[in-house]
Amino acid sequence: MNGLPGSFAVTTHGLSMRYGRETALAGVELRVPEGAVYVLVGANGAGKSTAMKVLLNLERPEAGRAEVFGLDSVSNGPAVRARIGYIPESHEHDYKWLTAGRLMEHAAVHYPAWDREYAAHLIKTFDVRLPRKVGTLSKGESRRLQFVLALAHRPPLLLLDEPTDGLDPIVRNRTLAQLAEHLADTPTTVVIATHHVAEVESLADHVGVLSEGRLVAQMTRDELRRTVLRYRIEVPEGWQLPRDLRIASVRRSSSGREVQCSTIGEQHDVTARLTATGASVRDVTPLPLEEAALAFLTEEGAR
Amino acid sequence: MTDVNRRAMPRWRNVVLEQIRIVAFSLRPVALVIAAVLGIGTVLIVGEILGGGPGFDSRDTFPTALFSFLVPFAVWRADRPFGPAFLWTLPVDRRRLALARVFAGGLWLIAVLALFVSWLLSLTLLARVSPMQTLARVPLIEAVATYLLGSALVLGLRHPLRWLLGAAGVFLLMGGVSQALEPYYGVSTLLGSRALYLAAQHTWAVWKTPPGFSQWAISASLSLGTGLAALWLAASRHKEN
């Protein structure tokens, strides 16, 4: 690891894991560039949280390995965790009888990089009430406290598991704005696991799609915007979709002569294939990030 | 970019001190119950002494070993040793952190036992009974040993309470089988809990009798050694690699 541009903050090599008979991860090869905001998309149970736990060495993979800034997550567990700010999927805090303030003191002891001034700023911004017992916090308050705990030591890597879950729209926007401010202030790599991509769309620059433990796509946002497109086409009577196209969704007009389909593939290639079948392409538009990412999950059932 | 190569790690001394502080929070409800029990006990005993009664029976034995065995359940009540606990997300080697937590709990246990012994001594002086005879009935070493065993149980088993209840159930069942097979003594000894029962009775008798120094030293080494070995094995289930 050298911290040079182009190096990776997170890499996994053939990461595989099962919970009983359920496959949690199957040969996952994550590549998260340093400084990226990488959104890991997938349905519930796709393996997003498990991948994060493996990075923290909270779960041991059956095969493969993970590296954080070049450090093996198993043999350098403490050093890896010192570089990570983590927001777990659950809002629940373990030490329910502690006050929010005392829990922060507890965390501060373990992170020499803890920035007290910045922590005070975050407490104010996230409106965390320090004298309140952690066990009495609402979902939203609890999540905001988790944000303060994760950000206050300015870690070079943030792992955020469903970070906006439990936040009302106003607080969610404020939280994401604060996160954006943090990223502008502190050079950080972020991995966000979510199935609400639209909420973090403004931050994302890389996307990975997990489906049943398999990483089915991994690319930059620009690449995704370039390769997942919606085509509006006019088709002759009895027209059929070309079999070799990767189709995410199809919608036909009532007359059956106009078709809208979302496909995965380079535009010139898809256009050529459609034209070859007698269809004429009227319009091509990029998809919003969420739809584009979900295209990889729906492509198998689209036809 | 921040220099991710140079990320400071927490000082071990600070981690241990913080564990001592955090365990104090965890044990607060237990401490309140103990304070209430000792308070009520003091009122009753002192009342009886002032009324001319004996107040205090120096042949009493104290369940400090059982109490100490249960303390780890309070020490670890917030954490899930086999789950994604907050504790395990901290940048400290997990086995060392687990041992630091056990050490912190042990320290508080010793403090409570010291307080209990002082309380007992004060009452023996008030009741004019032999303090040494009374103290001999407080199994302090065993208290530490059972604390270590209890900690090993909580740290080493995913469902310690189920194991405990299961073990108690098996013991009772074996007792029943043993009684049913009473005429066939050999079989019942083999299958039943007679041997265990006899061993337990013998151990209890040894505990009740003030031992000689060598006996005490052997017994202390054995019980503490077993506790430490069990704890090491249990903590090793949480090692990083």
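About the cut-offs
Residues numbered from 1 in each chain as written. Chains lettered and ligands numbered in written order. Predicted model: local features only at pLDDT ≥ 70, side-chain atom pairs only at ≥ 80, totals over all residues. Helix = DSSP H or I, 4+ residues; strand = E, 2+ residues; numbered from the N terminus. Buried ≥ 20, exposed ≤ 12 C-beta atoms within 10 Å, placed from the backbone. Contact = placed C-beta atoms within 7 Å. Domains from an automatic or database assignment. Nonpolar A, V, L, I, M, F, W, Y, C, P; charged D, E, K, R; others polar. Expected span 1.5 Å × (residues − 1). Pairing = 2+ DSSP bridges. Axes fitted to C-alpha atoms, helices over the stretch in contact; angles between N-to-C directions. pLDDT = per-residue confidence, 0-100. Bend = angle between axes of the 7 residues up to and from the residue. Parallel < 35°, antiparallel > 145°, perpendicular 65-115°, else oblique. Left-handed = near helix turned anticlockwise from the far one by under 90°.

Turning our eyes to something else, we now look at the overall build of chain B. Counting its regular elements, chain B contains 9 helices and 0 strands. Within chain B, the fraction of its 241 residues that count as buried is 25%. Restricting the contact set of chain B to residue pairs at least 6 apart, pairs at least 24 apart contribute 77%.

Quick look at the domain arrangement of chain A now. Residues and elements named next belong to chain A. Split by domain assignment, chain A resolves into domain 1 (8–212) and domain 2 (223–301). Placing a centre on the C-alpha atoms of domain 1 and another on those of domain 2 gives a separation of 36 Å. Tallying the contact residues gives 9 residues for domain 1 and 7 residues for domain 2. Examining the composition of the side of domain 1 that touches domain 2, we find that 3 residues originate from one element, strand 10 (residues 206–211), more than from any other. Grouping the amino acids of the side of domain 1 that touches domain 2 by side-chain chemistry returns 7 nonpolar, 1 polar and 1 charged.

So, about unusual backbone geometry. One non-glycine residue, A:Phe69, lies in positive phi territory at about 50°. Among the secondary structure elements, A:Phe69 is positioned in the loop between strand 5 (63–68) and strand 6 (71–72).

Every α-helix carries 3.6 residues per turn, so stepping three or four residues along brings you back to the same face. In this model helix 5 (residues 140–156) of chain B runs 24 Å from its N-terminal to its C-terminal C-alpha over 17 residues, within 8% of the 24 Å that 1.5 Å per residue would give. Counting buried positions over the 17 residues of helix 5 of chain B gives 14, a clear majority of the element.

This part takes up the interface of chain B and chain A. Every contact between the two is made by 27 residues of chain B and, on the other side, 32 residues of chain A. When grouped by side-chain class, the residues that make up the side of chain B that touches chain A number 16 nonpolar, 5 polar and 6 charged.

Sheet strands associate in pairs through backbone hydrogen bonding, adopting either a parallel or an antiparallel arrangement. Residue and element names in this part refer to chain A. Here 4 strands make up an open sheet; going across it, the order is 13-14-12-15 and the pairing antiparallel. Each end of this open sheet is capped by a strand with a single partner; those strands are strand 13 (246–252) and strand 15 (280–286). For this sheet the average axis-to-axis angle between neighbouring strands, irrespective of direction, equals 20°. Bridging between strand 13 and strand 14 (residues 258–264) involves 6 bridges; their strand directions are antiparallel. Counted as the bridge partner of Ser 249 is Ser 262 from strand 14. Across the sheet, helix 8 (residues 267–276) is in contact with strand 12 (228–234), strand 14 and strand 15; its angle to strand 15 comes to roughly 155°.

Before going further, it helps to examine the confidence of the model for chain A. When pLDDT is averaged across chain A, the result is 90; 96% of the residues are at 70 or more. For the stretch residues 1–5 of chain A, pLDDT sits under 50, and the model shows 8 contacts to residues farther than four places along the chain or on other chains.

Residue and element names in this part refer to chain A. A sheet is described by the order of its strands in space; here 6 strands give the open sequence 7-8-9-4-10-11, paired in mixed fashion. Since the sheet does not close on itself, it has two edges, and those belong to strand 7 (84–87) and strand 11 (214–220), each with one partner. Neighbour-to-neighbour, the strand axes of the sheet open up by a mean angle of 15°, direction not taken into account. As paired elements, strand 4 (residues 37–41) and strand 9 (residues 189–194) share 5 bridges and run parallel to each other. Across the sheet, the residue bridging to Val 41 is Thr 194, located in strand 9.

On to helix 1 (residues 12–50) of chain B. Bending of helix 1 of chain B peaks at approximately 50° at the position of B:Leu27, with proline B:Pro29 no more than four residues after it. Where the residues of helix 1 of chain B are buried, they touch helix 3 (100–110) of chain A together with helix 2 (64–75) and helix 3 (94–127) of chain B. One or two positions beyond helix 1 of chain B, positive phi appears at B:Gly52, with a value near 95°.

Residue and element names in this part refer to chain A. Taking burial as the measure, the 7 residues of strand 15 include 0 buried ones, a minor fraction of the element. For strand 12 and strand 15, the ladder comprises 6 bridges, and the chain directions are antiparallel. Residue pairing in the sheet places Glu 234 in a bridge with Ser 280 of strand 15.

On to the packing of helix 2 of chain B against helix 3 of chain B, then. Residues and elements named next belong to chain B. Look at helix 2 against helix 3: their axes get within 10 Å of each other, and the N-to-C directions meet at 140°. When the axis of helix 2 is compared with that of helix 3, the two are oblique. The element helix 2 and its partner helix 3 pack so that their crossing is right-handed. Between helix 2, through Thr 64, Ser 68, Val 71, Pro 72 and Val 75, and helix 3, the contact on the second element is made entirely by Arg 101, Gly 105, Leu 109 and Leu 113. Tallied by class, residues from the contact of helix 2 with helix 3 come to 5 nonpolar, 3 polar and 1 charged.

Next up on the list: the environment of B:Val102. Residues and elements named next belong to chain B. With respect to the helices and strands, Val 102 occurs in helix 3. Exposure remark for Val 102: the 25 C-beta atoms within 10 Å place this residue in the buried category. Along the primary structure Val 102 and Pro 91 are separated by 11 residues, whereas in three dimensions their C-alpha atoms are 18 Å apart. Other than its neighbours up to four places away in sequence, Val 102 contacts Ser 151 and Leu 231.

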